Amino acid sequence: MTSVTLKAEPALDPRSVFASCLPRFSACARYHLGRVRCPDTRADLLAEAVALGWRHFCRLHARGRNPEAFLSTLA
């Protein structure tokens, strides 16, 4: 009988993964905030969307799920 040893992928830091996904996330959030006329309000809403995305991203990562698969849903 042959035994197969699977190598576990090293756990990536969620900050670096989120940072690599941030341009896509921000673009999606900016698209949905396009109708907000005031640039200051739009910037505040974008910052809040990124913060909430980070919060949910960390929560999914803590549960052992792949948050990158849900990126559009998070945005």
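As a reminder, the structure under discussion sits directly above these lines.
Definitions and cut-offs
- Residues numbered from 1 in each chain as written.
- Predicted model: local features only at pLDDT ≥ 70, side-chain atom pairs only at ≥ 80, totals over all residues.
- Heavy atoms only, no water.
- Helix = DSSP H or I, 4+ residues; strand = E, 2+ residues; numbered from the N terminus.
- Buried < 20%, exposed > 50% of the residue type's maximum accessible area, 1.4 Å probe, protein only.
- Contact = heavy atoms within 4.5 Å.
- Areas by Shrake-Rupley, 256 points an atom, 1.4 Å probe, with all protein chains shown as cover.
- Core = buried A, V, L, I, M, F, W, Y, C linked by side-chain atoms within 4.5 Å.
- Bend = angle between axes of the 7 residues up to and from the residue.

A. Spotlight on the overall build of the protein. Looking only at helices and strands, the protein features three helices and zero strands. The helix and strand sequence of the protein, counted from the amino end, reads α-α-α. Looking at the protein as a whole, 17% of its 75 residues qualify as buried. Considering only residue pairs separated by 6 or more positions, the protein has 56% of its internal contacts joining residues 24 or more positions apart. Per element, the accessible surface of the protein, about 6100 Å² overall, is 56% carbon and sulfur.

B. Spotlight on the nonpolar core. Judged by nonpolar contacts, Val-17, Phe-18, Cys-21, Phe-25, Phe-57 and Leu-71 together constitute the single largest core of six residues. Counting residues per element, this core draws most heavily on helix 1 (residues 14–32), at four residues.

C. A look at helix 1. In helix 1, a bend of some 50° at Leu-22 exceeds every other bend along the element, and Pro-23, a proline, comes one to four places later. Looking at helix 1, one finds that the buried residues are Pro-14, Val-17, Phe-18, Cys-21, Phe-25, Ser-26 and Ala-29. Elements in contact with the buried residues of helix 1: helix 2 (39–62) and helix 3 (71–74).

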